[in-house]
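Observations on the three-dimensional arrangement
The residues making up each chain are set out below.
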Amino acid sequence: MKSNALWLRAKCIKAVREFFWSRGFLEVETPLLIPANAPEEYINPLIVSPTSQLQTSPELCMKRLLSEGHQKLFQICHCWRSHERGSRHLQEFTMLEWYRSNADYEALMTDCEELLRHVALSSLPEGATFRRNGHSITPFEPWQRITVQDAFERFSHGSVWECLEKGLYEEILTSAVEPGLATFHTPVFLLDYPAELAALSRLKAENPRLAERFELYVGGLELANGFSELTDPEEQRRRFIEANRQRSKNGEVALPIPEPFLTSLAAMPPSAGIALGIDRLIMLTAGTDSIDEVVAFTPEDL
Amino acid sequence: MYTVADLKKGLKIILDGDPYLVVAFDFVKPGKGQALYRTKMRNMINGSLLDRTYRSGESFEPASLEERTMEYLYKEGNHYTFMDQQTYEQVVMEEDAMGDAKNYLLENLKVEVMLFGEKAIGISLPNFVNLRVTETEQWAKGDTSGNDSKPATVETGYVLRVPPFIEEGELIVIDTRTGDYSTRVKG
């Protein structure tokens with residue numbers, strides 16, 4: 001029986017809720033079954049019928065709420081990504097997303113720092129830290145920041161651009177960069193991604209090869225992905241079509257374009273949004289390396 | 001054919017012509033990136049370990065392996081011949097692939113032979129076999145040297161340590177998992 005893990009899970013989720021409620025965020029629920037997700041090259045939705053799929057993220061509906069004028073939103077919900085199963089992945093998992101209008105990715109990084117401190121204080125014994133692979137990671141000291149370009153140079157002695165060109169990006173990221181990030185004793189932000197790796201984010205004004213996107217790593221575990229949102233519907237449509245073109249090339253089905261989202265995007269103020277894996281946050285809190293340990297049932301248990 | 005989605009611990013696949021057993025597996029997918037399937041595999045013929053990373057779209061040929069009860073017939077040079085008593089089919093295995101099993105093989109012993117296609121790639125023995133001692137020194141009564149074991153050779157040529165009271169011609173039980181003396185067969 002996983003009674004300790006389930007209590008910890010409940011406490012973490014309660015702490016997350018308290019955090020956003022106390023900061024004036026509106027907690028929302030949006031439909032899980034939707035006609036279209038954002039087409040992405042490497043994310044496969046679970047398709048339920050020709051006109052419905054389970055959400056891979058609540059992103060599109062939450063951005064539509066921003067377009068309607070809501071300013072600070074959060075949601076804790078289930079998401080589905082077909083065929084993703086491993087020690088850090090479940091096909092059905094729990095996601096936290098939050099959005100701020102009139103803000104950019106800097107504001108989200110500050111939120112992350114405060115959120116993880118609050119979760120640690122509320123759900124861990126006094127003085128305890130997050131743990132991964134036997135390492136302690138404290139959220140209470142100043143967090144590190146490293147750009148994607150610097151991280152590749154530092155941990156793989158190569159260039160991220162070269163890795164992308166040769167199709168080695170994922171390989172080097174997971175075999176050299178992530179283990180490098182695991183050596184930090186505080187959480188670390190990996191930021192300013194090559195534009196081709198950030199389908200829904202805004203490009204940096206001073207360097208359009210880079211996007212205002214970051215990933216939060218704790219003990220080498222990828223915990224959250226945030227960015228300054230792209231607000232140009234035409235550019236967004238071009239990126240969706242490009243994603244579908246790549247999918248067809250990879251032998252995957254092309255996905256429907258979410259038209260109502262594109263229509264509403266024109267009215268969306270400059271905003272920033274982030275997705276954080278709740279199951280992984282609980283893994284770090286529990287100090288376990290397997291996602292199986294923090295859910296009531298795995299698919300194999302059913 | 002298997003796809004990457006079928007990869008899991010315990011799966012047997014063919015790689016470069018050899019059968020491999022997946023001994024460790026993890027699914028890795030950096031944010032928004034392509035999925036990687038990390039595996040550690042053991043070559044089922046020579047035991048060597050291999051790390052391989054696969055991507056979506058790759059496929060594998062299943063390794064069909066079959067275990068059959070066969071009887072050990074004879075040895076010629078460094079080739080060991082076994083026969084399926086139902087079909088009278090014979091397979092030959094090289095000494096290198098036998099490992100320690102050759103220490104316990106007596107004619108007519110029944111063993112489990114692992115077949116990869118036509119090729120015998122391994123055998124598993126009963127946990128205990130009875131073998132006769134062909135050579136060992138006499139136990140000198142009143143020996144106070146304190147030795148609690150002595151070397152003995154059994155009929156397969158295998159040499160092991162046995163208690164001092166074991167004599168030539170006696171039948172002993174050997175644990176094939178450790179290669180150690182287990183007990184004496186009374187009678």
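Please read all numbers here as calculations on a predicted model, not as lab measurements. (Residues numbered from 1 in each chain as written. Chains lettered and ligands numbered in written order. Predicted model: local features only at pLDDT ≥ 70, side-chain atom pairs only at ≥ 80, totals over all residues. Heavy atoms only, no water.)

1. A word on the interface of chain B and chain A
The test is simple: The contact rule is simple, with two residues in contact once any of their heavy atoms fall within 4.5 Å. When two parts are put together, the accessible area they lose, computed with a 1.4 Å probe and summed over both, is reported as buried area. By convention in these notes, a salt bridge is any Lys or Arg side-chain nitrogen within 4 Å of a carboxyl oxygen on Asp or Glu. Segments assigned H or I by DSSP are reported as helices when at least four residues long, segments assigned E as strands when at least two residues long, and all are numbered from the N terminus. Three classes are used, and their members are as follows: Ala, Val, Leu, Ile, Met, Phe, Trp, Tyr, Cys and Pro are nonpolar, Asp, Glu, Lys and Arg are charged, and the others, Gly among them, are polar.
Contacts between chain B and chain A engage 14 residues on the former and 25 residues on the latter. The junction of chain B with chain A conceals about 1,700 Å² of combined surface from both sides, 49% of it contributed by carbon and sulfur atoms. Looking only at chain B, the three residues that lose the most surface to chain A are Phe-27, Lys-29 and Lys-32 of chain B, adding up to 39% of its buried area. Along the contact surface separating chain B from chain A lie four salt bridges. For the salt bridge of Arg-38 of chain B with Glu-171 of chain A, the shortest nitrogen-to-oxygen distance reads 3.3 Å. Taken together, the elements giving at least two residues each to the side of chain B that touches chain A come down to β3 (18-28), β4 (36-43) and β5 (49-55) of chain B. Looking at the side of chain B that touches chain A element by element, the count peaks at three residues for β3 of chain B. Of the residues that constitute the side of chain B that touches chain A, the class distribution is five nonpolar, four polar and five charged.

2. Observations concerning the pattern of salt bridges
Here is the rule: Buried residues are those whose accessible area, probed at 1.4 Å on protein chains only, stays under 20% of the maximum for their type, while exposed residues exceed 50% and partly exposed ones sit between those limits.
Scanning the model with the defined rule gives 33 salt bridges over all chains in all. We note a salt bridge from Lys-32 of chain B to Glu-40 of chain A, for which the minimum N-O separation is 2.8 Å. Here Glu-40 of chain A lies in the loop between β2 (33-34) and β3 (47-49) and Lys-32 of chain B lies in the loop between β3 and β4, a pairing that spans two chains. Classification of Glu-40 of chain A by relative accessible area gives buried; the value is 8%. Measuring nitrogen to oxygen at the nearest pair gives 2.9 Å for the salt bridge that ties Glu-300 of chain A to Arg-85 of chain A. Here the residue Glu-300 of chain A occupies a position in the segment after α9 (278-286), and Arg-85 of chain A occupies one in the loop between β5 (72-80) and β6 (92-101), the gap between them amounting to 215 residues. For Glu-300 of chain A, a relative accessible area of 52% puts it in the exposed group. What emerges from the salt-bridge pattern is a single network uniting Glu-66, Arg-68, Asp-84 and Glu-89 of chain B.

3. Side note on the pairing of strand β13 (residues 150-154) of chain B
Residues and elements named next belong to chain B. In plain terms, the rule: Any two strands are treated as partners once DSSP identifies two or more bridges connecting them.
Across the five residues that make up β13, a large majority, four, are buried. Bridge count between strand β12 (residues 128-136) and β13: three bridges; the pairing is antiparallel. Among the inter-strand pairings, Glu-135 is bridged to a residue of β13, identified as Thr-153. With four bridges joining them, β13 and strand β14 (residues 159-162) adopt antiparallel strand pairing. Note on β14: the bridge partner recorded for Thr-153 is Val-159. Remark: four residues form the turn of the hairpin made by β13 and β14, two consecutive strands paired antiparallel; Gly-157 in that turn has positive phi of roughly 100°.

4. A short note on the layout of surface pockets
Put simply, the rule reads: Only protein atoms enter the 1 Å grid used here, on which a cavity is any set of points holding a 1.4 Å probe that cannot leave and a pocket is any open set flanked by protein within 12 Å on both sides along at least five of seven lines; residues with an atom within 4 Å of a point are listed as lining. Grid points are joined across faces, edges and corners, and a volume is the space filled by probe spheres set on the points.
Considered as a void within the structure, the largest pocket measures approximately 1,100 Å³ in volume. If you go around the largest pocket, you meet 44 residues; those closest to its centre are Glu-41, Tyr-42 and Asn-250 of chain A together with Lys-32 and Gln-34 of chain B. Listing elements by their share of the lining of the largest pocket, those giving two or more residues are α6 (169-181) and α7 (233-249) of chain A. With six residues, the top contributor of residues to the lining of the largest pocket is α7 of chain A. Among the residues forming the lining of the largest pocket, the class breakdown is 17 nonpolar, 12 polar and 15 charged.

5. A word on empty space enclosed by the protein
A full pass over the atoms with the stated rule returns two cavities of 30 Å³ or more. Estimates place the volume of the largest cavity at around 560 Å³. Around the largest cavity, the lining is made up of 37 residues, and of these Arg-81, Phe-93, Met-95, Glu-222 and Ala-275 of chain A lie nearest the centre. Among the residues making up the lining of the largest cavity, the classes are represented as 16 nonpolar, eight polar and 13 charged. By volume, the second largest cavity amounts to about 60 Å³. Lining the second largest cavity are Arg-88, His-89, Glu-178, Leu-221, Glu-222 and Arg-280 of chain A together with Val-28, Lys-29 and Pro-30 of chain B.

6. Here's the deal with unusual backbone geometry
Despite not being glycine, His-157 of chain A shows a phi value in the positive range, around 50°. With respect to the secondary-structure elements, His-157 of chain A resides in the loop between α4 (148-156) and α5 (160-165). You can call His-157 of chain A exposed: its relative accessible area is 72%. Here the phi dihedral of Asn-108 of chain B falls at roughly 75°; this positive angle occurs in a residue that is not glycine. Summarising the element assignment, Asn-108 of chain B is placed in the loop between α1 (95-98) and β10 (110-116). Among the residues examined, Asn-108 of chain B registers a relative accessible area of 48% and is labelled partly exposed.

These figures come from the coordinates and say nothing about function on their own.
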